Amino acid sequence: MKNTAQNDSLRNIAIIAHVDHGKTTLVDALFKQSGVFRDNQAVDDRVMDSMELERERGITIAAKNCAIHWKGVKINIIDTPGHADFGGEVERSLSMVDGAILLVDAAEGPLPQTRFVLKKALERGLVIMVVINKIDRKDARPEEVLDEIYDLFIDLDASDTQLEFPVFYAIGREGIAMESLSERGENLHVLLDAVNRFIPAPAFDPEAPFQMLVSDLGYSDYLGRLAIGKIINGSTRQNDSLVCLGEGGKPRPLKVTKLQLYDGLTFREADLARAGDIAVLSGIDNVHIGDTICNAEEPKALPRISVDEPTVSMRFTINTSPLAGREGKLVQSSKIRERLTKETLSNVSMRVEESEERDSFIVKGRGEFQMAILIETMRREGFELGVGRPEVILKEKNGKVLEPIEHLFVDCEETFLGVVTEKLAARKARMINLVNKGSGRVRVEFSVPARGLIGYRDEFLTDTKGTGIMNSYLLGYEEHRGEFPSRYTGSLVADRSGNAVAYALFNLEPRGRLFVVPGDPIYEGMVVGEHNRDNDIDVNPAKEKKLSNMRAAGKDENVILAPVLPLTLERAIHFIREDEMVEVTPRSIRLRKTILDAKTRHAMAGAKKKTAKPGKGA
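Quick caveat: nothing in here was measured; it's all calculated off a predicted structure.

Q: Where do I start with the pattern of salt bridges in this structure?
A: Any two side chains of opposite charge can pair, on the condition that their charged atoms come close. Tallied over the full model, the rule gives 38 salt bridges. Here Asp-291 ties to Arg-252 by a salt bridge, and the two come within 3.3 Å at their closest N and O atoms. Placement of Asp-291 in the loop between β18 (278-282) and β19 (292-295) and of Arg-252 in strand β14 (residues 251-255) is noted, with a sequence separation of 39 residues between them. Among the ionic pairs, Asp-579 bridges to Lys-593, the shortest N-O distance being 3.0 Å.

Q: Explain empty space enclosed by the protein here, please?
A: Over the atoms, a rolling probe the size of a water molecule traces out where space has been left empty. Taken as a whole and judged by the stated rule, the model has one cavity of 30 Å³ or more. In this structure, the largest cavity occupies an estimated 40 Å³ of space. If you go around the largest cavity, the residues you meet are Ile-13, Leu-30, Ile-75, Ile-77, Ile-101, Leu-191, Leu-192 and Val-195. If you list the elements that add at least two residues to the lining of the largest cavity, you get β4 (73-79) and α7 (189-198). Broken down by element, the residue count for the lining of the largest cavity peaks at three residues, all from α7. Residue composition of the lining of the largest cavity, by class: eight nonpolar, no polar and no charged.

Q: Whenever I open this one, the packing of aromatic side chains confuses me. Can you help?
A: What describes a pair of aromatic rings is the distance from one ring centre to the other and the angle between the planes of the rings. One pass over the structure, following the stated rule, counts four aromatic pairs. On the numbers, 6.0 Å between centres and 50 degrees between planes, the contact of Tyr-456 with Phe-460 is tilted. Of this pair, Tyr-456 and Phe-460 are both found in helix α12 (residues 456-463), four residues apart, which corresponds to roughly one turn of the helix. Tyr-456 gets classed as buried once you look at its relative accessible area, which sits at 0%.

Q: Explanation requested: unusual backbone geometry in the structure shown.
A: Among all residues except glycine, the phi angle is most often negative; among peptide bonds, the trans geometry is most common. Notably, Lys-134 is not glycine yet its phi reads approximately 60 degrees, a positive angle. Its location among the elements puts Lys-134 in the loop between β6 (127-133) and α5 (142-155). You can call Lys-134 partly exposed: its relative accessible area is 22%. Of note, Asn-398 is a non-glycine position whose phi angle comes to about 55 degrees, a positive value. The residue Asn-398 is located in the loop between β25 (395-397) and β26 (400-413) in this model.

Q: Mind showing me how you'd approach the side chain of Gln-211 here?
A: Among the secondary structure elements, Gln-211 is positioned in strand β10 (residues 211-220). The class for Gln-211 is buried, based on a relative accessible area of 7%. Polar contacts involving the side chain of Gln-211 include one to the main-chain carbonyl oxygen of Lys-300, which spans 2.9 Å. If we skip the residues at most four places from it in the chain, Gln-211 touches Lys-230, Ile-231, Ile-232, Asn-233, Ile-293, Cys-294, Lys-300, Ala-301 and Leu-302.

Q: Where do I start with the packing of helix α10 (residues 417-426) against α12 in this structure?
A: Each packed pair of helices is defined by two parameters, the angle between the axes and the distance between the axes. The contact between α10 and α12 brings their axes to 10 Å, and the two run at 160 degrees. Relative to α12, the element α10 lies roughly antiparallel. α12 is crossed by α10, and the crossing has right-handed handedness. Of α12, the residues touching α10 (which contributes Val-419, Val-420, Lys-423 and Leu-424) are Tyr-456, Glu-459, Phe-460 and Asp-463. Classifying every residue of the contact of α10 with α12 by side-chain character gives five nonpolar, no polar and three charged.

Q: What's the story with the nonpolar core in this structure? I'm lost.
A: For soluble globular proteins, nonpolar side chains are generally found buried alongside one another. Ile-128, Ile-132 and Phe-153 are the most contacted members of the largest nonpolar core, which totals 40 residues. Sequence-distant contacts of Ile-128, that is, excluding residues within four places in its chain, are made with Ala-100, Leu-102, Leu-118, Ala-121, Leu-122, Phe-153, Phe-165 and Pro-166. The next biggest cluster of nonpolar side chains, apart from the first, holds 28 residues, and it includes Met-350, Phe-383, Leu-569 and Phe-575.

Calculation criteria
Residue positions are counted from 1 within each chain, in the order its sequence is given. In keeping with the model being predicted, local features are shown solely for residues with a pLDDT of at least 70 and side-chain atom pairs are shown and tallied solely at 80 or more, while totals for entire chains, interfaces and linings include all residues. By convention in this description, side-chain values take in all heavy atoms of the structure and omit both hydrogens and water. The term salt bridge refers to a side-chain nitrogen of Lys or Arg lying within 4 Å of a carboxyl oxygen of Asp or Glu. For helices the rule is a DSSP run of H or I covering at least 4 residues; for strands it is a run of E covering at least 2, with both sets numbered from the N terminus onward. Detection works on a 1 Å grid of protein atoms alone, calling trapped sets that fit a 1.4 Å probe cavities and calling open sets with protein on both sides within 12 Å along at least five of seven lines pockets, with lining residues defined by an atom within 4 Å of a point. Grid points are joined across faces, edges and corners, and a volume is the space filled by probe spheres set on the points. Amino acid classes used here: Ala, Val, Leu, Ile, Met, Phe, Trp, Tyr, Cys and Pro are nonpolar; Asp, Glu, Lys and Arg are charged; the rest, including Gly, are polar. In this analysis, rings of Phe, Tyr and Trp, with Trp reduced to its six-membered ring, are considered paired at centre separations within 6.5 Å, and the interplanar angle assigns stacked below 30 degrees, edge-to-face beyond 60, and tilted for intermediate values. Only protein chains enter the area calculation, which uses a 1.4 Å probe; residues under 20% of their type maximum are buried, those over 50% are exposed, and those in between are partly exposed. Under this definition, polar contacts are N or O atom pairs within 3.5 Å; protein pairs additionally need one hydrogen-donor-capable and one acceptor-capable atom, and for neighbouring residues in sequence, both atoms have to be side-chain atoms. It only takes one pair of heavy atoms within 4.5 Å for two residues to be counted as in contact. All axes are obtained by fitting lines to C-alpha atoms, using only the stretch in contact for helices, and the reported angles, taken between N-to-C directions, cover 0 to 180 degrees. In this scheme, roughly parallel covers angles under 35 degrees and roughly antiparallel covers those over 145, while 65 to 115 is roughly perpendicular and the rest are oblique. Definitions for this section: a left-handed crossing has its near helix turned counterclockwise from the far helix by less than a right angle. A right-handed crossing has that turn clockwise. Put simply, a nonpolar core is a bunch of buried Ala, Val, Leu, Ile, Met, Phe, Trp, Tyr and Cys residues held in one set by side-chain atoms that sit within 4.5 Å of each other.

Below is the structure:
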């Protein structure tokens, strides 16, 4: 039997939850109460949401490490994303920890992403502590939620040991936790004590040589590439000579130029890192997530981090519109390739492939939301690019085409159930379950093709007047359910270049919903609005009113246009059809046809109709 020992001075935990259940707020409170900040130090809320996009959207996108000290024990905490599109972040985070705190909203209960992240944690055999958060909500139902959590654990085949999880009740915003609902907590000390008591200390083999699994990558202007991961066995010091084992298993030599450990929100330099520590090594350039760093004398690779397959692909290409190069600094395909490759280094669930077309790339990931975040990040960095419609990745098995199927949860008012069911049925969804507790709201579950949800979220919010909640997770692959229209409306396409004119737009308003305002630059092939009918029409948004020297009997009326809802990146990606794409620049988001020239487009459409209806008129 293998000899094992434990590093009792350490605990490694992940905080896992559904989006907006209070993970990052709880971590804030843990920081403040464990003495990371001085008493008089000014601290922002949600201090772990360090990315600009995370602060804007109120969600965690990238998993982040930090460390606190409690009663002589160092606790490494990893704040993980709660959205299934960022599942790769969750998978690599869980490779560094021995336990997890599952946070569940006292009113909403376990939601799809709770299920997704908990499943990953249970598969790894992690020790789980349950915290029912936001018990101060007016609609809180902690006892019912606890029953739902037990049901979820049983449903996910949790072992008997995992089912005996400790339960705590919290108000994360106020920094309070307690062991029962009858008491009133004052702080989070009871939770910190429980982490030391219930979460096992990192186990290691005292006779084994040094091994560290790379779970994250960082970059420093002074130190270059940083390899971040948990030391599984052994220890290392600064200036040690080690090797890195990649996918091929060939050792690449490296020297630890600097060794750092987490302390609070930042790193501190260390002379020695031992088994169980989450260490930051610098001194290696060619390193990837999943690699093993070990002794040169006894190189032995650890099992690589496994992630679920990507389910969605998108085409990224250079900006080829007539307005290209006016607003962005980075427009070349080589720069786009470089940036996408850099993304795959730190994002294990994303892949980039060269396309058969010149200057374009196929990017594969977990969902269109993950893609939208990448595109938004790139445009803020100064990139100009064009992106196509998200497409699901199909598989073939035994001669049958399989497609990804999502388990969709819908929570809406009873009056909207009809329209939601009708729209989803048209997208090949099947209702699995319906719960109506007589409160005026219903909870419905559907099994729906992943392609059916692309572009549906905005429609759903409109149909439920903004009151509906929709969440989903990947159920698996099933036989292809057949085709359905992605959109029932056509596009208003500009037939010439110029600037949009109020008079022309006023006359186009009866035709559909517009995306441009007076003064916006337009070009041939640009989509300027949504047509009321299902066909595309060419329009002239730059047409000016003909002036004559004849005096009119009455004054010209002022043209008053309906307000135009600004086009967000997500709305644009959801709206486009297969023959359209989104032009993304640091200052603008425009919709356009993939082929700009109207004659070429019409000729191709005519040829397509002929091949679709052979023998007509014979």
